[in-house]
Amino acid sequence: QVQLVESGGGLVQSGGSLRLSCAASGSILVFNVMGWYRQAPGKQRELVAAITSRGSTNYAYADSVKGRFTISRDNAKNTVYLQMNSLKPEDTAAYYCNAQRIDRALSLENYWGQGTQVTVSS
């Protein structure tokens, strides 16, 4: 079974920075796309950033984090990162690592980490 383990969350003041890590139990090259989602209390889970996991690198960011957050990968370490700068109180949420793979039968496989809490104080 695929396991994704997030780390790096915590409490930070507005304007501060955090770096989240998502370590996979195996090679991230088996996935097509990996990304970060977040969910705040009373709100739906939303995509924050995504990155292709193999081949040429492509990125996607939510408009609310463009210019502040950067997603990256390290295939040798089987890890995806989310560098979060200029944090705002509205960034407060549980952040979840996600990995997707299209199998040989063209079925989507979707994996999630357990989440890591990010709290930004004003």
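Above this note sits the structure.
Right, let's walk through the structure included here. Predicted, not measured: the structure shown is a model, and the values here were computed from it.

### Considering the sheet that holds strand S8 (residues 79-84)
In a beta sheet, neighbouring strands are held together by backbone hydrogen bonds and run either parallel or antiparallel to one another.
Next up, step 1: Strand order in this open sheet of four strands is S1-S3-S8-S7, and the pairing throughout is antiparallel. Lying at the two open borders of the sheet, with one neighbouring strand each, are strand S1 (4-7) and strand S7 (69-74). If you compare each strand with its neighbour and ignore which way they point, the axes differ by 15 degrees on average.
Next up, step 2: With six bridges connecting them, strand S3 (residues 18-24) and S8 associate as antiparallel partners. Bridge pairing links Leu20 to Leu82 in S8.

### Observations regarding the pairing of strand S4 (residues 33-39)
Next up, step 1: Buried residues dominate S4, accounting for five of its seven residues.
Next up, step 2: Sheet topology places S4 next to strand S5 (residues 46-52); six bridges connect them, and they run antiparallel. Looking at S5, one finds that Arg38 is bridged to Glu46.
Next up, step 3: Linking two consecutive strands that pair antiparallel, namely S4 and S5, is a turn of six residues; a positive phi of about 80 degrees is found at Gly42 within it.
Next up, step 4: Both S4 and strand S9 (residues 93-102) contribute to a ladder of seven bridges, which runs antiparallel. Opposite Gln39, over in S9, you have Ala94 as the bridge partner.

Reading guide: rules and limits
Residues numbered from 1 in each chain as written. Predicted model: local features only at pLDDT ≥ 70, side-chain atom pairs only at ≥ 80, totals over all residues. Heavy atoms only, no water. Pairing = 2+ DSSP bridges. Helix = DSSP H or I, 4+ residues; strand = E, 2+ residues; numbered from the N terminus. Axes fitted to C-alpha atoms, helices over the stretch in contact; angles between N-to-C directions. Buried < 20%, exposed > 50% of the residue type's maximum accessible area, 1.4 Å probe, protein only.

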